2 protein chains.
Amino acid sequence: MQEYITRATLGRLPIYLQYVRSIDSDTISATKIAGALNLGEVQVRKDLGAVCGNGRPKVGYERTTLIKDLENALGVYECTEAIIIGAGKLGLALLGYRGFEEYGLKVRAAFDIAADKTADVGGERFIKPMDECKEYCKVNNIRIAILTVPASAAQQACDDLVSCGITAILNFAPCKLKTREGITVRQENLALSLAHLNLMTVNSTIQEEEQ
Amino acid sequence: MQEYITRATLGRLPIYLQYVRSIDSDTISATKIAGALNLGEVQVRKDLGAVCGNGRPKVGYERTTLIKDLENALGVYECTEAIIIGAGKLGLALLGYRGFEEYGLKVRAAFDIAADKTADVGGERFIKPMDECKEYCKVNNIRIAILTVPASAAQQACDDLVSCGITAILNFAPCKLKTREGITVRQENLALSLAHLNLMTVNSTIQEEEQ
C-alpha cells in the first residue's frame, strides 16, 4: 500500500512526472532531479519515497518505473470524475477550469436547482437540473462533489449529495457542514488564503523594521 | 509583537470572535471556549496565545480585551483592500464573493486588459481597464492583488503588478511566478485540493478494506 501522501507532496508530483518524462537516460538519481527542479534533495527523496520507495544506491530510480508510479499516484489512468453543485459564478469558473486533468480528475457537469440554467457550455461540459443529479451520479459512478452553492443552501445540498452516493465533498460555501461518518468534507476558504497572505506581508514588514 | 499566526489559527479567529462577542460574562476561560466551540483545549490555548497571550490563572481572559485583540489580529478596523487582475469567470466570482470582510479585507475592483469589460457590477464593485490599475493602486494604497488571468498572461501581469507597488500576490493561474525579493506570492491550486480529497478518500477506502 502507498504511504500517506501529503498535500504538498501531491502538488509536486506533476512537476516530477513532467521532468522524468522529458529525460533521456534509463535511470535518474534524486540528486539530479533535485538539481534540475531546484528543489531540496531531502524533499525529493521524501516525495518520491512516498510514491515509489527508495531508489537503488548509486543508481537511483529506473525511469520507466518512476513514471509508472507517478502516474499511478496521480491517477492519470483511472480518471476520476467530480461534479459541481451550484452553477453560480464560482461553479462556472470551476466548470471551465482546465487544471484538473493533470491530477487525473475530470469535471464535466454542474447541477443547479434553477432549471433555466440548463445549458451546454461547450468543451463537452454541461449545466444540468439538480433533479438529474442522482441518476448522473449512479450512471457515472461519481463519489466526489464540489459544492459552490450559497451558505444558506449548503447543508441541504450536502444531505442531497450523500443520498446520491457522494462520499467526498469539497465545500466552497462559507459554512461548516454536518455529515455522517464515512463522508469526507474539505472546507475551502478563499478569503482565508488572502487574509493569511496579508498577515504574512504585514508581519514581514514588522520584522524588517525591527532589524 | 504578535507571534507568528498559522493559517489554521487564523481560520479559527472569526469563530472565536463571534463566540466571545455573544457571551455575557466579563471573563471567560479557554476551557469554556473549547467546550462551547467543540474544539480541543490545547488548540484554543495555542490559538489565543498567539493573539493575546495567556489568560489569567483560574480567571481566563477578559472579554473586552480578548475581543479587541481578536479584532486587531483579524484587521477588522484597518480594512485592507485587495484588487483582482483578470475579470474572467474566476475573477468575477471572487469580485462577488462576500467572505472577505470577515477577515478585514475588501475587494472592490477587478482590472482586465479587455477594455470592453469595464462595468459597474453592483454592490459598489467595478471592472476597470488595466491601464487604470497603477493609478488606482497609488490612490488607494493597494499592496495585495489576486491574479486570475490565464497562465500565459500571468508572468507579465505579475511584473506589471510589482511596478504598481503590489507586494503580495495570491496567484490562481496554474504557473509559477518569478519575482524579486520582497514580493510574497502564494500559489492557489484549486485542482490540488480536489485531487488531495480524492486521494484521501481512496486511501481511507483501502484502509477500511484491509481492516
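First, a word on scope: everything that follows refers to the structure included in this document. Everything quoted here is computed from the prediction, not taken from an experiment. Going along each chain's sequence as written, the residues are numbered from 1 onward. Both sets of labels track the order of writing: A upward for chains, 1 upward for ligands. The model is predicted, so local features are restricted to residues of pLDDT at least 70 and side-chain atom pairs to those at 80 or more, both for listing and for counting; the totals for chains, interfaces and linings are taken over all residues. Hydrogens are left out, water is left out, and the side-chain values use all remaining heavy atoms of the structure.

Digging into the relation of the copies chain A and chain B
Our superposition of the copies is a least-squares fit, built on the C-alpha atoms of residues whose pLDDT is at least 70 in both. Overlay of chain A on chain B (RMSD 0.0 Å): rotation 180°, translation along the axis 0.0 Å. With respect to symmetry, the two chain copies, as superposed, fit the operation of a two-fold axis. The share of interface residues of chain A whose copies in chain B are also at the interface is 100%, consistent with both copies meeting through the same surface. A contact between two residues is defined here by any heavy atoms of the two lying within 4.5 Å.

Points about the interface of chain A and chain B
Interface size is often expressed as the accessible area that is lost when the parts come together. Counting from both sides, the interface comprises 52 residues of chain A and, opposite them, 53 residues of chain B. By buried area we mean how much accessible surface two parts lose on assembly, using a 1.4 Å probe and totalling the loss over both. Summing both partners gives a buried area of about 4,800 Å² for chain A against chain B, and 70% of it is carried by carbon and sulfur. Strands here are runs of E lasting at least two residues and helices are runs of H or I lasting at least four, both read from the DSSP assignment and numbered beginning at the N terminus. Those elements giving two or more residues to the side of chain A that touches chain B turn out to be helix 1 (7-22), strand 3 (80-85), helix 5 (89-95), strand 4 (105-112), strand 7 (144-147), strand 8 (168-171), strand 9 (184-187) and helix 8 (190-210) of chain A. A total of 17 residues in the side of chain A that touches chain B trace back to one element, the largest contributor, which is helix 8 of chain A. Across the side of chain A that touches chain B, the residue classes tally to 32 nonpolar, 14 polar and six charged. Lys, Arg, Asp and Glu make up the charged group, whereas Ala, Val, Leu, Ile, Met, Phe, Trp, Tyr, Cys and Pro make up the nonpolar group; the residues left over, Gly among them, are polar.

Some remarks on the sheet that holds strand 7 (residues 144-147) of chain B
Residues and elements named next belong to chain B. Here, a strand pair is defined by DSSP locating no fewer than two bridges between the strands. Overall, mixed pairing links the seven strands, which are arranged 5-6-4-3-7-8-9 in an open sheet. The sheet terminates laterally at strand 5 (119-122) and strand 9 (184-187), the two strands that pair on one side only. With strand direction ignored, the average angle separating the axes of adjacent strands in the sheet is 25°. Where strand 8 (residues 168-171) meets strand 9, four bridges bridge the pair, whose relative direction is parallel. Each bridged residue has a counterpart across the sheet, and for L170 the counterpart in strand 9 is R186. Contacts from helix 6 (residues 133-140) reach strand 3 (80-85), strand 4 (105-112) and strand 6 (125-129), with the element oriented near 175° to strand 3. Simply put, an axis is a line fit to the C-alpha atoms, just over the touching stretch for a helix, and the angle between two N-to-C directions goes from 0 to 180 degrees.

Some remarks on helix 7 (residues 151-163) of chain B
All names here are of chain B. Each helix should span, by expectation, one fewer than its residue count multiplied by 1.5 Å. Here helix 7 spans 19 Å end to end across 13 residues, near enough to the 18 Å set by a 1.5 Å rise per residue. Burial here depends on accessible area, computed with a 1.4 Å probe over protein chains only, as a share of the maximum for the residue type. Under 20% is buried, over 50% is exposed, and the range in between is partly exposed. Of all the positions in helix 7, only A154, A157, C158, L161 and V162 are classed as buried. Looking at the buried positions of helix 7, the neighbouring elements they touch are strand 3, helix 6, strand 7 and strand 8. Where helix 7 terminates, the next one or two residues include G165, which has phi positive at roughly 95°.

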